[in-house]
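Here are the chains, one letter per residue:
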Amino acid sequence: MAGSRSAGRAAVLGVRPWKRRSEPELEPEPEPEPPLLCTSPLSHGAGSDSGLSDSEESMFSGLEDSGSDSSEDDDEGDEKGKDGAGSDKGPGGMEKTTEEQVQADPACPRTEMASVPTADEYAEDSSDEEDIRNTVGNVPLEWYDDFPHVGYDLDGRCIYKPLRTQDELDQFLDKMDNPDYWRTVQDPMTGRDLRLTDEQVALVRRLQSGQFGDTGFDPYEPAVDFFSGDIMIHPVTNRPADKRSFIPSLVEKEKVSRMVHAIKMGWIQPRRPRDPTPSFYDLWAQEDPNAVLGRHKMHVPAPKLALPGHAESYNPPPEYLLGEEERAVWEQQEPSERKLSFLPRKFPSLRAVPAYGRFIQERFERCLDLYLCPRQRKMRVNVDPEDLIPKLPRPRDLQPFPTCQALVYRGHSDLVRCLSVSPGGQWLASGSDDGSLRLWEVATARCVRTVPVGGVVRSVAWNPNPTVCLVAVAVEDSVLLLNPALGDRLVAGGTDQLLSAFVPPEEPASQPAHWLEASEEERQVGLRLRICHSKPVTQVTWHGRGDYLAVVLATQGHTQVLIHQLSRRRSQSPFRRSHGQVQRVAFHPSRPFLLVASQRSIRLYHLLRQELTKKLMPNCKWVSSLSVHPAGDNVICGSYDSKLVWFDLDLSTKPYKVLRHHKKALRAVAFHPRYPLFASGSDDGSVIVCHGMVYNDLLQNPLLVPVKVLKGHTLTRDLGVLDVIFHPTQPWVFSSGADGTIRLFS
């Protein structure tokens, strides 16, 4: 039975649709009342029709065979298919059917086709088209929605759509029973179901995951220089200049002639010089001198009486009539407290209305008001509400600033707490809770190096001095100084020489921290020095010159802030007493100032004079981050109560602006070193970039304009963006999130 079924399907699917037949088809013999659909078995086996499912029978019920179904023809076709000249199979393994072609079976005798396969020029076709059986060309397939066919073959016959009689229940059963249902797609050119091969499924999965379709393509192969680095003697091109470069332009001549003609015709008027003599006019020229109050400029007309309302009508609506309780309350009130000076009454007609008893009294009071009550002119100013809104420039006029996500740096398995960019902007360092420090290439998002540190990385700071290749990492109770050896080898070698040139003193002084040399195993990883403290380190930051670094310890007392000197390997505590829990510290970019941010205030200390210079009050519940403007005259700080506070140090100790753009707590704020930009990252998963222009004129206030809201991080454990930092030279911003990714917005 299996053999007969395969032979029957080969008979149905064995004719190649684009093959031209050498002999004309025979006309079908007339039969009395032939059946519309052929229900004969597909093979010569006795029980072959019983083996077909409903779906297979419905699929082939509307198809009509264009060739013979006899096993002899199949055998001849197979033998000639081996020679390469008589193959009747199409690329899809399916057969075209037309109205004139039916299956030549004894149970359904409609037509008998005599096809003698011969050598054909289309037998070996290497066309790259999607499906060359359907010859509709570029005609949209939607035009065939209302027709039973879907196109035409090479002989001009219709290609009929397969009949689909399955309802939703049959489709569901087919989905559950057929193991290849998930890889079956519908061919839009013929309407048939095609089963994707394993290679096609693998190709689709690679394209969905963002990989290249060709498995043999290497995106990281070494680049080949297009131009040679050798200096050539002869130029690339020595073509002489064109002749048109020496001839006056005819287009410009035509434009000038048109302008001259327009001036002659008077269409273009030249600018006339303005008359410098002032023009005087009489202010009172339009005034009527015969008017009684013409000379009295401050005359104020008497206010008009209010028009009568519904309550004063002789037949007021029922809701204006007072009840017994309302009447008693009205009588108990003072005359000045009453809303109405009379009681509304209802009369059947206007003729029944009596005379008003208080008419003379009200007229007399009106005359007293006009005669005795003083009136003054109130200067009323008509203000447009839109004029009260400050005129801010358009964001597109403030470019450049980051607008979209460019790269995503993936590799950390836990939340990324801190970021730092090298002074040249080529490398990026990131610290995570997975206990590793990763070094990335900014341009390609490639992880160049991974350094396991054995603990949670709280802070990372790259040395701002371009001649020193050093990264400070805060891990638990120590600060690690690493030489990543990236970029210029001379700089990396000079850094090691600088560290090895230190000579320890004969009598070491007592210090609040211990400096330890790295072992040989640690030096292989890149570790050079280890500064051990008594308490966990929460932040580390460098001075602008790269010799001093300040750390913040999670402890109580005056030893919360320590300053280390790299060249002498000395540590000192600059404060004698504590003013609260220290959150962040920052060095002034140009002056010997140290900014210390506690929970409720920011203090500015002069390091040379060892005194407090200013105390800034941000009016926040809990300060979380701090950043200093590159010019040094402005400071921004973020807080956990969703506020970003801008301070102008030359203006006041109170905030110049308080921005409430975020909906959740702020985790990080940062200034751009070159461009007038600053950014803030929050737990709502967004990074807001603002334009902050600081003018050299001290009389002009800074201009603060929010320009872009950048989103891309997903919230993890109610945490969003944890750190924000700008690229040193480009208008790019990096952000690290709790989802374990680092994103570059450009």
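Everything numeric here is computed off the predicted structure, so don't read it as measured data.

Colleague: Just give me the short version of the overall build of the protein, but keep the residues and values in it.
Modeller: A tally of helices and strands in the protein yields 11 helices and 33 strands. Per-residue burial over the protein gives 35% buried out of 746 residues. Across the protein, contacts joining residues at least 24 apart in sequence account for 53% of those joining residues at least 6 apart. A total accessible area of about 48800 Å² is found for the protein, and carbon and sulfur atoms account for 53% of it.

Colleague: Please provide a residue-by-residue account of the sheet that holds strand S30 (residues 703-711), values included.
Modeller: Taken together, the 4 strands give an open sheet; going across it, the order is S27-S28-S29-S30, and neighbouring strands pair in antiparallel fashion. Every other strand in the sheet has two partners, leaving strand S27 (666-671) and S30 as the edge strands with one partner each. Strand-to-strand twist in this sheet, taken as the mean axis angle between neighbours without regard to direction, amounts to 20 degrees. Alignment of S27 against strand S28 (residues 677-682), held across 5 bridges, turns out to be antiparallel. Bridge pairing in S28 links Val669 to Ser680.

Colleague: Could you give me a rundown of the pairing of S28, with the residues and numbers involved?
Modeller: Across the 6 residues of S28, 6 count as buried, placing the element largely inside the fold. With burial as the criterion, each face of S28 is covered, one bearing Leu677, Ala679 and Gly681 and the other bearing Phe678, Ser680 and Ser682. Where S27 folds back on S28, the antiparallel hairpin that results is connected by 5 residues. In terms of strand pairing, S28 meets strand S29 (residues 686-693) through 5 bridges, oriented antiparallel. Residue Ala679 lies in a different strand from S29, and its bridge partner there is Val689. Where S28 hands over to S29, the hairpin turn is made up of 3 residues, of which Gly685 adopts a positive phi near 85 degrees.

Colleague: An account of the packing of aromatic side chains is requested, with residue identities and associated values reported.
Modeller: Tallied over the entire structure, the rule returns 10 aromatic pairs. Here Tyr144 and Tyr152 contribute two aromatic rings whose centre-to-centre distance is 6.5 Å and whose plane-to-plane angle is 70 degrees, an arrangement assigned as edge-to-face. One aromatic cluster is present, formed by Tyr144, Phe147 and Tyr152 through successive ring pairs. Cation over ring: Arg338 sits above Trp330, and NZ or CZ is 4.1 Å from the ring centre.

Colleague: An account of the pattern of salt bridges is requested, with residue identities and associated values reported.
Modeller: Under the criterion given, the structure shown has 18 salt bridges. Here Glu362 makes a salt bridge to Arg358, at a shortest N to O gap of 2.9 Å. Overall, the relative accessible area of 24% leaves Glu362 in the partly exposed class. Arg358 gets classed as partly exposed once you look at its relative accessible area, which sits at 28%.

Colleague: Can you lay out the side chain of Arg438 for me, pointing to particular residues and giving the numbers?
Modeller: The residue Arg438 is located in strand S8 (residues 436-441) in this model. No salt bridge is formed by the buried Arg438, whose closest oppositely charged neighbour, Asp434, lies at an N-O distance of 4.9 Å. Within polar-contact distance, the side chain of Arg438 engages the side chain of Thr450 at 3.2 Å. When neighbours within four sequence positions are excluded, Arg438 is seen to be in contact with Gly411, His412, Leu428, Ala429, Ser430, Cys447, Arg449 and Thr450.

Cut-offs used in this document
Residues numbered from 1 in each chain as written. Predicted model: local features only at pLDDT ≥ 70, side-chain atom pairs only at ≥ 80, totals over all residues. Heavy atoms only, no water. Helix = DSSP H or I, 4+ residues; strand = E, 2+ residues; numbered from the N terminus. Buried < 20%, exposed > 50% of the residue type's maximum accessible area, 1.4 Å probe, protein only. Contact = heavy atoms within 4.5 Å. Areas by Shrake-Rupley, 256 points an atom, 1.4 Å probe, with all protein chains shown as cover. Pairing = 2+ DSSP bridges. Axes fitted to C-alpha atoms, helices over the stretch in contact; angles between N-to-C directions. Phe/Tyr/Trp six-rings, centres within 6.5 Å; stacked < 30°, edge-to-face > 60°. Lys NZ or Arg CZ within 6 Å of the ring centre and 35° of its normal. Salt bridge = Lys/Arg side-chain N within 4 Å of Asp/Glu carboxyl O. Lys, Arg positive; Asp, Glu negative; His and termini not counted. Polar contact = N/O pair within 3.5 Å; in protein donor to acceptor, adjacent residues only side chain to side chain.

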